[in-house]
Amino acid sequence: MDVTKLDEEELSYELRARGIAAMNDVNEMRSVLRGLLRIEVEGNSLMNTDSKVPGVDVKSEVKTCVKKLQVINAMIDNIQGDRYSEQYRSADAKLCHLMNRVDKLPAVEKRDQNDRSNLLKGILFLMRKMEGMASNTSVVETNTNQNDGAAGAGTVVLYEKTTTTEMNSTYESAESTASDEEVGTEYFVQQGVAIKSLSKLHKGSKSHKNAETHYTGLLRIMKYRTAKFIEWKPTEMSIFPDVDEWNIVDTGYKQNGKNKNDRSNIDIKINLATMKSYKMKKHKKHQISILQVNGSLVTFLFESSPISDFVTALKTLLHTEKEIRHHRPTGVILVLGERQDSDPLCQSIKELKIFPDQPPTSTVWSFISGFQNNPVEKTYETFAKISDVLLTRTPDTRPDQEVAELLNRAEEDDEYTMVDHPPPTVLPPRPGIKSRGNPLDQTTFYQSMNDEGRITNEDYIKNIIFYGGCEHSIRHEVWKYLLGYYPWNSTREQRINIDKQQKTEYERMKVQWMNMSSDQISRFNMYRDRKSLIDKDVYRTDRTLDFYAGEGNDNLVKLHNVLMTYVMYNFDLGYVQGMSDLLSPILMIMNSDEVESFWCFVGFMNRVNTNFELKQTGMKKQLNDLHYLLTTVSPKLENHLKKMDSSNMYFCFRWLLVLFKREFIYSDIMRLWEVLWTDIPCANFHLLICVAILDNEKDTIINENYGLTEILKHVNNLCEQIDLDKALTTAYSIYEQLKQAQPSLQDSVNELLGFSISHSETILSSDSNSREDDYEKALSMNYT
Amino acid sequence: MATRKKVLLKVIILGDSSVGKTSLMNQYVNKKFTNQYKATIGADFLTKEVMVDDRIVTMQIWDTAGQERFQSLGVAFYRGADCCVLVFDVTSPGSFKSLDGWRDEFLIQASPSDPDHFPFVVLGNKVDLDNRAVSTKRAQQWCQSKNGLPYFETSAKEAVNVEQAFKTIARNALAQESDVELYNEFPDQIKLDGGSTDNRSSGSDNCAC
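Residues numbered from 1 in each chain as written. Chains lettered and ligands numbered in written order. Predicted model: local features only at pLDDT ≥ 70, side-chain atom pairs only at ≥ 80, totals over all residues. Heavy atoms only, no water.

**Section: the confidence of the model for chain A**
The predicted coordinates of low-pLDDT regions are not to be read in fine detail.
All names here are of chain A.
Phase 1 of the analysis: Summarising the model, chain A shows a mean pLDDT of 74, and 68% of its residues fall at 70 or more.
Phase 2 of the analysis: Note that residues 133-180 has pLDDT below 50 and, in this model, 102 contacts with residues that lie over four places away or in other chains.
Phase 3 of the analysis: Segment residues 757-776 is flagged for pLDDT under 50; beyond a separation of four residues in sequence, or across chains, it makes 21 contacts in the model. (pLDDT = per-residue confidence, 0-100. Contact = heavy atoms within 4.5 Å.)

Next comes the structure, spelled out in structure tokens:
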């Protein structure tokens, strides 16, 4: 238990429980408790299990505990790091404390007992939730097996020494008894599998260098009503001489049969719920070592049969993940937990609604069902022991690490991949995409207008822009259409009117802020804040460009004016950093015309304003959407990101907030934005560009094993290094690839990319000329 | 065998928009100043190797966006910070008033194990400007009220006090780093050094536990 994670009230309780009077200083309390815990780690519990903790009232204590349970549940839900993260350790420490506390609840009345058993259920559930916390279950199982042993069934079990002696004969689990008598379902069966070694690993385990005795037998994976087991029964004895690298293990298994040499009495049972990890040997693929949460290690040798079936069987039953240490896979496959099945017991426990959102794990509930059938005293005692185990186990995570390292030393990489989530959709190969086309030129653009000045074929023009952008000389006109200042089908005359109206409208709003007196401003905090931000940002927007360079540059004033007027136009959103980046190229293209720039900026903001919301929901959604797409397109990269705690995609934040403004040189950004404003092939094409760029960096990120910070640095360093044309063609190619795979894609992905039957129909019939004809025309023009 | 552990100190720079966070970082790491820094979007960091009390440490200095709404998403990067630098602009009283908020925000987001003793360092930047609006005394008083935080008046532009400030930042971060190790009760094998630093770690070993 990490004492730094406990608050004052919790510290005080822990100290009182050990007979130490209240202290005032938190640090002193921590220091004293730390000292006591160290002594307890050695095995001398100072906890007075018999007497009551001073100053504890049952009713309020139950309330406190329930509250703590909820708090810890929330903490666990928020854990983002691994078991060494602050959050994990906090939750761990607090759970330990709570266990201890519930354990000591004075249960006088029947209702108290119910309260306590409910609390214990909750705690157990949380422990399981926190990860390989199934050690409690293994304790129970151990104990039962011992009882079985006494009855003559002879079972080899692996356990912590201290617990067994204490637990012996105190508890009988309904679960394991059932699993022994019951005829379970066979998941896997293989004759002639040898067992190589079997040991308990903990601090101070002694090495063994002598040749070991090995047994060949029947290996099975069995499913019983409440739990699944790997079972092994010996059939004959054989001796293997090559034990050189196995000096790390201790052959300390127990034989419970009366005659210790009677090998037929040796059985192995490993509850899948107590499996911590497994590992294959690199050069001897026929060996698999299984490590349990209590530190015991079992190695099976598949001498005459392929091991792959067994591994596959394990993978179908367990959620697993490759262990990464120092950015390299260690070859150890970590067991994250059992896969869920709809067990009726799970259902009934679910109805208790302790944690309605979480499906209960069969192991935990099977344990609980056993525990409910037992006399209260025994229950109490059992949990007291378990809490002791937990208390002494928690502050010291070293055995786990040690074991992993020992395993690593003996063996190296293996080729088994993550089977953590369902296999991704297999996408068809990416279609080759023609290189980019020529930009829209002046002649084509003006020829597309009829006598009134209407653009008769919007889609055709947009397609050219999508494939090749615009010539710089006509951007000034074309952008007004793309950004919705002019409707595509507007006549020349209508546009003259629009210019007039919008000028008046702009001036009206501009006057509103320009006429504000300093006295007025002094009482207008929200306005002042917005103005102050704009003042600061205008001064540092693209100052390296000639257009904005130098002191007293008039364009800075215009940039300022447009942004200030936008504040009056959309006061609630106000000014948010990044907006000046979006306006900067527009003002330049509009030849410093404030009115046109303003309305084009409004058009741009209408597309992206959710990026700037106070709650950042728009950005979160986009990062999330991007993650979806990446999962589909590049599951390998996504896997890596997940392992590196980077699946929040935060490193793409800058890309998305200002639509790559900071990533490309000025001429490229104008080209890119034009393409995006066409909404071809879909409104989320920018997300596909992100995917394309990341896909291009995939090998570097994975091969260099970049972690959270390295990925961010790498992505930030791509600034002005990205080949825009390549990114655009790749993104479009990915789009086509996904389109082909559309029926098998997740709904969320289809929705993001606008793939739906009704939608594609609209596209085809949207105009007198179909969109596909436009493509052809645009292309033939560009490539001839 | 005990080997020297590579020490990485994670430093987070926080403060209102345009107080000079990016400039301070660049002045310290690259010895450069320009008026042309853009507003920071997202997060970025620079690293620098420095000697602190005979030890080589790598400082990883994190620069963040100043506008408050962008804070929530970058939290992942605050985790495991060893020191937090709070920057204000001596010509902007508003940025000074925000320090409380930044400090609280950091403590909530980064949730250091011992918030009362987590090392913060306060920098009053832009002392090269004439229109100063926050007096040294006022800043010092605030620092005093927060358990005596170290305070430096800096100019990223003219490289005034930047080196000294970051030296203190590194030293305090290193102290924090060692504390964390003690809390974690790491096994002996990764104890920092058999040499000069031994005094230090064994000394604190005795006191805390």
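**Structural notes on the pattern of salt bridges**
If charged atoms from side chains of opposite charge come close, those side chains can pair.
All names here are of chain B.
Phase 1 of the analysis: Counted under the stated rule, the structure contains 36 salt bridges over all chains.
Phase 2 of the analysis: Salt-bridge contacts for Glu-163 lead to Lys-31; the nearest nitrogen and oxygen are separated by 2.9 Å. You can see Glu-163 sitting in helix α6 (residues 162-184) and its partner Lys-31 sitting in the loop between α1 (21-30) and β2 (43-52), a full 132 residues away along the chain.
Phase 3 of the analysis: We classify Glu-163 as partly exposed; its relative accessible area is 36%. (Salt bridge = Lys/Arg side-chain N within 4 Å of Asp/Glu carboxyl O. Helix = DSSP H or I, 4+ residues; strand = E, 2+ residues; numbered from the N terminus. Buried < 20%, exposed > 50% of the residue type's maximum accessible area, 1.4 Å probe, protein only.)

**Brief notes about the packing of helix α4 (residues 86-103) of chain A against helix α5 (residues 110-130) of chain A**
Residues and elements named next belong to chain A.
Phase 1 of the analysis: Put simply, α4 and α5 touch, their axes get as near as 10 Å, and they point 155° apart. Viewed along their axes, α4 and α5 adopt a mutual orientation that is roughly antiparallel. Crossing of α4 against α5: the hand is left-handed. Every residue of α5 that contacts α4 at Tyr-88, Ala-91, Asp-92, Leu-95, Leu-98, Met-99, Val-102 and Asp-103 is listed here: Arg-116, Leu-119, Leu-120, Ile-123, Leu-126, Met-127 and Met-130.
Phase 2 of the analysis: For the contact of α4 with α5, a count of residues per class yields 12 nonpolar, no polar and three charged. (Axes fitted to C-alpha atoms, helices over the stretch in contact; angles between N-to-C directions. Parallel < 35°, antiparallel > 145°, perpendicular 65-115°, else oblique. Left-handed = near helix turned anticlockwise from the far one by under 90°. Nonpolar A, V, L, I, M, F, W, Y, C, P; charged D, E, K, R; others polar.)

**Looking at the nonpolar core**
A general feature of soluble globular proteins is that nonpolar side chains tend to end up buried together.
Phase 1 of the analysis: Ranked by internal contacts, the top residues of the largest apolar core, which has 156 residues, are Met579(A), Leu672(A), Phe685(A), Ile689(A) and Phe106(B).
Phase 2 of the analysis: It is helix α27 (residues 685-703) of chain A that contributes the most residues to this core, 11 residues altogether.
Phase 3 of the analysis: Excluding residues within four positions of it along the chain, Ile689(A) makes contact with Phe660(A), Leu672(A), Leu676(A), Ala727(A), Leu728(A) and Ala731(A).
Phase 4 of the analysis: Membership of the second largest hydrophobic core comes to 29 residues, among which are Met25(B), Val57(B), Phe152(B) and Phe166(B). (Core = buried A, V, L, I, M, F, W, Y, C linked by side-chain atoms within 4.5 Å.)

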